[in-house]
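Tertiary structure, described
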Amino acid sequence: MLAYGYCRYSSDLQNEASIEQQKGELEEYAKRNNITIIKYYVDEAKTATKDTRESFQDLINDACKLKKVQAVLVWKTDRFARKAMDSLYYRNQLAKHDIKLISITQPIDDATPEGKLMATMLAGMDEYYSQNLASNIKRALKANAKESLFNGGIPPLGYDIKDKKYVINDYEATIVRAIFEMYTEGYSLIDIAIKLNSKGYKTKRGTEFKKYSIQSILGNEKYIGNYIFNKGYKDNNKINRTDIIRNENSIPAIITKEMFEMVKSKKESNSKNTAQYKAKNVYLLSGLIKCSKCGGNYIGHTTKKIKNEKEYKSSFYQCTNRNKLGKCDSIRLKKDELEKYIVNLIYKRLLDTEEVNKLIEQINAIYKNMRNESIEDIDDLKIRIKNKQNEIDNIVNAIASGISSPTLLSNLEKAEDIKAMLEKELSLKMTVSNNESISMDLIKKVLQKDIDAISSKQSLKNVIQKWIKKIEVHSDCLLIYFNFDNEPLCSSLRMVATVGLEPTTCRV
């Protein structure tokens, strides 16, 4: 696992571990847990009241944008963020990109049920209240798109930007043509990357080529002169949006349409040939089921039998130590029956009026403190946004005067990303400060969102992982722990290898 390390030392807290001590302990933890820390972000000598934490903003931006790591390691939870709302907000930003926050001295999993509940609500509110900000930005982007103008970020390899228009970079264009030619000649994506790297070629970001950077280039229609905006959705870029903007032959082409179609056809052929090997049986409860006898994890198994020339499959969960000599004789659970029961429990939790009323009471008890924190932060956020805009203006002026380089463009993109991140945080905190409580309607919308999001096995698994903390298997019952409850639900088992469940309440 790859990770970033984040360290912070406040000058007003002399008894706290120093930066070097924090790094040392993070390194020891990483070695014990097979984690490689590829970069450290450090904020030093900031007081609690005026903590702009520039490195922290870089950390969040790099983690979410570059997608190089699977975790962020901190010494203590208050090193990550002192205020509860900031901690929950930025943990949600990382979670959206499947990045874990790991505190090496205070396990995040020990957070209170109420804290986890509020994290879920903030995630929903973040999306709900950022729509206005996003719509304003989208209007400006669409206006540029209609004119086939550059919309920010880093242009594709092979292009530079002049007066917001795409112009061909001759040196980089030769690399792009070589990539398309090698693919049509039968080179794999990895082979192409290896050959380019051996010649010292770099991506637009100045890094080595990887499989996915080659794949992205081969599918980019800009190389045949087509400018496309709003092509797909975040969760499915293969579906064309209704508001897509497509301007054909509107920017300089680097390769021919014949070459692009040849590559496209070859990619589709390769995809069909490998699709049969990618089918997987999704186990919705993987990582959640624990054995009470030996403490082992339950994992999914599928057995196949052939009878009368027909193949029959049977899927179930069983303890990893089952049938090992002298180990564990725990029961097996039928996959489909158990998953169906757990899903029904969650649906009941999201839709039942009495349950929702309990959630509203819990949420608003925490919300009051979050609101006070938001009021304190608003003025400081406005100043930080203004300073970031000044930084952006300075870079833009430098580019306009004729000074341009990949590093300058990269700095501009990062500054714009961080400003957008701060604006999003400000928008949420202003909304929180203007409302004394969270309405029942909004909470229901957030809860309903979980139900509406279930469009595939994987999305259903994500919802289950959010709501269920763990499931303990005993010889005569299951104990089901929800993330937002202190007490488990006890469900009886009628027979081994089959689940017939009758919910009752149980105190442990």
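For the structure, see preceding data.
Heads up: these notes are all about the structure in this document. (Residues numbered from 1 in each chain as written. Predicted model: local features only at pLDDT ≥ 70, side-chain atom pairs only at ≥ 80, totals over all residues. Heavy atoms only, no water.)

Re the overall build of the chain
Helix and strand content of the chain: 15 helices and 16 strands. For the chain, the proportion of its 508 residues judged to be buried stands at 42%. For the chain, the share of sequence-separated contacts (at least 6 apart) that also reach a separation of at least 24 residues comes to 65%. Of the roughly 28300 Å² that the chain leaves accessible, carbon and sulfur atoms contribute 49%. (Helix = DSSP H or I, 4+ residues; strand = E, 2+ residues; numbered from the N terminus. Buried < 20%, exposed > 50% of the residue type's maximum accessible area, 1.4 Å probe, protein only. Contact = heavy atoms within 4.5 Å. Areas by Shrake-Rupley, 256 points an atom, 1.4 Å probe, with all protein chains shown as cover.)

Re the packing of aromatic side chains
Counted under the stated rule, the structure contains 11 aromatic pairs. One cation-aromatic arrangement involves lysine 23 over tyrosine 40; the distance from NZ or CZ to the ring centre is 5.2 Å. Lying over the aromatic face of tyrosine 227, lysine 222 brings its terminal NZ or CZ to 5.5 Å of the ring centre. (Phe/Tyr/Trp six-rings, centres within 6.5 Å; stacked < 30°, edge-to-face > 60°. Lys NZ or Arg CZ within 6 Å of the ring centre and 35° of its normal.)

Here we look at the nonpolar core
Counting residues in hydrophobic clusters, the biggest one holds 65 residues, and the most contacted among them are Phe80, Leu285, Tyr298, Ile342, Ile464, Ile468 and Ile480. Examining the composition of this core, we find that eight residues originate from one element, helix 12 (residues 353–400), more than from any other. The next biggest cluster of nonpolar side chains, apart from the first, holds 31 residues, and it includes Val176, Tyr227, Phe229 and Ile251. (Core = buried A, V, L, I, M, F, W, Y, C linked by side-chain atoms within 4.5 Å.)

Notes on the sheet that holds strand 3 (residues 71–74)
What the four strands build is an open sheet, ordered 2-1-3-4; its pairing is parallel. Each of the sheet's edge strands pairs with one partner strand only, and the pair in question is strand 2 (36–44) and strand 4 (100–103). Across the sheet, the mean angle from the axis of one strand to that of its neighbour is 25 degrees, orientation sign disregarded. Two elements, strand 1 (residues 2–9) and strand 2, share eight bridges in a ladder whose sense is parallel. (Pairing = 2+ DSSP bridges. Axes fitted to C-alpha atoms, helices over the stretch in contact; angles between N-to-C directions.)

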